[in-house]
Amino acid sequence: MSDDPTHVREFFGARAADWDSRFPDDGPAYAAAVDELDLRPGDAVLDAGCGTGRALPPLRAAVGPTGTVLGADLTPEMLEQAVGARRGSAEGIATLLLADVGRLPVRDGALDAVFGAGLISHLAEPVAGLRELARAVRPGGRLALFHPIGRAALAARHGRQITPDDLRAEPQLRPVLAEAGWRLVRYVDEDARFLAMAVRED
């Protein structure tokens with residue numbers, strides 16, 4: 001799928017209404033990935049490309065009532081689903097932003113962590129997008145790039161095979177993260193999940 005923002009909006013906008021029903025069993029994987037961010041009560045965290053908001057409840061649980069949870073997405077229809085009847089009002093869970101994660105409306109160093117599910121594949125300019133996330137995160141803050149299935153399983157779902165130039169392959173992702181101000185500290189790519197954890201460099 002394209003990484004052009006207009007095409008991303010069109011793709012996800014057309015699929016927003018039944019997105020969660022297509023992947024009904026992903027909830028525990030999202031919660032487990034959020035756990036690995038080691039968030040503390042009172043932290044400020046962004047779900048970048050939050051979609052229908054599947055990570056928002058575990059993020060809120062991790063930072064507690066004194067923390068801040070933001071959800072940003074390009075696609076209005078996805079944000080509508082995030083506050084829809086299945087999840088109830090997002091009030092008290094997260095502040096939702098219709099925004100491109102490449103131009104976040106947050107001040108420098110405002111965040112302790114960023115969670116990005118399926119995000120990296122949809123960044124038009126990966127280094128610039130990851131650099132913007134780094135700008136918004138304090139030094140020592142954390143980034144989790146996540147997908148509920150691994151690269152090979154995802155490619156097979158779409159009738160493809162993974163290739164060495166895949167941006168999410170560790171040899172490709174590590175230098176991209178480094179150029180954007182992140183240090184890759186953990187990399188997991190197995191059938192059940194993809195998770196790349198990085199720390200914001202000083």
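Report follows, based on the coordinates.

Quick look at unusual backbone geometry now. Located in the positive-phi region is Asp-38, a residue other than glycine, with phi close to 55°. With respect to the element layout, Asp-38 can be found in the loop between helix H3 (27-35) and strand S1 (44-48). Among the residues examined, Asp-38 registers a relative accessible area of 53% and is labelled exposed.

Let's shift gears to the packing of aromatic side chains. Each aromatic ring pair is summarised here by two numbers: the centre-to-centre distance and the angle between the ring planes. Evaluated as defined, the whole model comprises four aromatic pairs. Considering the side-chain rings of Phe-115 and Phe-146, the 5.7 Å spacing of their centres and the 35° angle between planes classify their relative orientation as tilted. Here Phe-115 is found in strand S4 (residues 111-117), whereas its partner Phe-146 is found in strand S5 (residues 137-147), with 31 residues between them in sequence. Classification of Phe-146 as buried rests on a relative accessible area of 2%. Taken together, a centroid distance of 5.5 Å and an interplanar angle of 90° make the contact between Tyr-187 and Phe-194 edge-to-face. Phe-194 gets classed as buried once you look at its relative accessible area, which sits at 2%. Through a chain of ring-to-ring contacts, three or more aromatic side chains come together here, namely Tyr-30, Phe-115 and Phe-146. One cation-aromatic arrangement involves Arg-168 over Phe-194; the distance from NZ or CZ to the ring centre is 5.0 Å.

Our next topic: the environment of Gly-109. Within the element layout of this structure, Gly-109 appears in the loop between strand S3 (95-98) and S4. C-alpha of Gly-109 to C-alpha of Gly-141: the two residues are 32 residues apart in sequence and 8.8 Å apart in space. Not counting residues within four places of it along the chain, the set of residues in contact with Gly-109 comprises Arg-135, Ala-136, Val-137 and Arg-138.

Attention now moves to empty space enclosed by the protein. For the coordinates displayed, the defined rule picks out one cavity of 30 Å³ or more. For the largest cavity, the calculated volume is near 30 Å³. Forming the walls of the largest cavity are Gly-116, Gly-118, Leu-119, Ile-120, Leu-145, Phe-146, His-147, Arg-168 and Phe-194. Element by element, the count of residues in the lining of the largest cavity is highest for S5, at three residues. For the lining of the largest cavity, the class distribution of residues is five nonpolar, three polar and one charged.

Sheet strands pair by backbone hydrogen bonding; their relative direction is either parallel or antiparallel. In spatial order, the strands read S3-S2-S1-S4-S5-S7-S6; together these seven strands make up an open sheet with mixed pairing. Of all the strands in the sheet, the pair left with one neighbour each is S3 and strand S6 (182-190). Strand-to-strand twist across the sheet, computed as the mean angle between neighbouring axes with direction ignored, equals 15°. Bridge analysis of S6 against strand S7 (residues 193-200) gives eight bridges, and the strand direction is antiparallel. Paired with Asp-189 across the two strands is Phe-194, which belongs to S7. On top of the sheet, helix H8 (residues 170-179) reaches S5, S6 and S7; it is set at about 155° to S6, its chief contact.

Let us look at the nonpolar core. A general trend in soluble globular proteins is that nonpolar side chains are found buried together. Core analysis: the biggest nonpolar cluster contains 32 residues, and Leu-46, Leu-130, Leu-133, Leu-143, Leu-177 and Trp-182 have the highest contact counts within it. Counting residues per element, the ones that place at least two in this core are S1, strand S2 (68-73), S4, helix H6 (126-136), S5, H8, S6 and S7. Of all the elements, H6 adds the most residues to this core, at five residues. Beyond its immediate sequence surroundings of up to four residues, Leu-130 is in contact with Ile-120, Leu-123, Leu-143, Val-176, Leu-177, Ala-180 and Trp-182. Counting 21 residues, the second-largest nonpolar core is a separate cluster that includes Tyr-30, Val-63, Ala-94 and Ala-113.

Rules used in this analysis
- Residues numbered from 1 in each chain as written.
- Predicted model: local features only at pLDDT ≥ 70, side-chain atom pairs only at ≥ 80, totals over all residues.
- Heavy atoms only, no water.
- Helix = DSSP H or I, 4+ residues; strand = E, 2+ residues; numbered from the N terminus.
- Buried < 20%, exposed > 50% of the residue type's maximum accessible area, 1.4 Å probe, protein only.
- Phe/Tyr/Trp six-rings, centres within 6.5 Å; stacked < 30°, edge-to-face > 60°.
- Lys NZ or Arg CZ within 6 Å of the ring centre and 35° of its normal.
- Contact = heavy atoms within 4.5 Å.
- 1 Å grid on protein atoms, 1.4 Å probe; cavity = no way out; pocket = protein on both sides within 12 Å on 5 of 7 lines; lining within 4 Å.
- Points joined across faces, edges and corners; volume = space filled by probe spheres on them.
- Nonpolar A, V, L, I, M, F, W, Y, C, P; charged D, E, K, R; others polar.
- Pairing = 2+ DSSP bridges.
- Axes fitted to C-alpha atoms, helices over the stretch in contact; angles between N-to-C directions.
- Core = buried A, V, L, I, M, F, W, Y, C linked by side-chain atoms within 4.5 Å.

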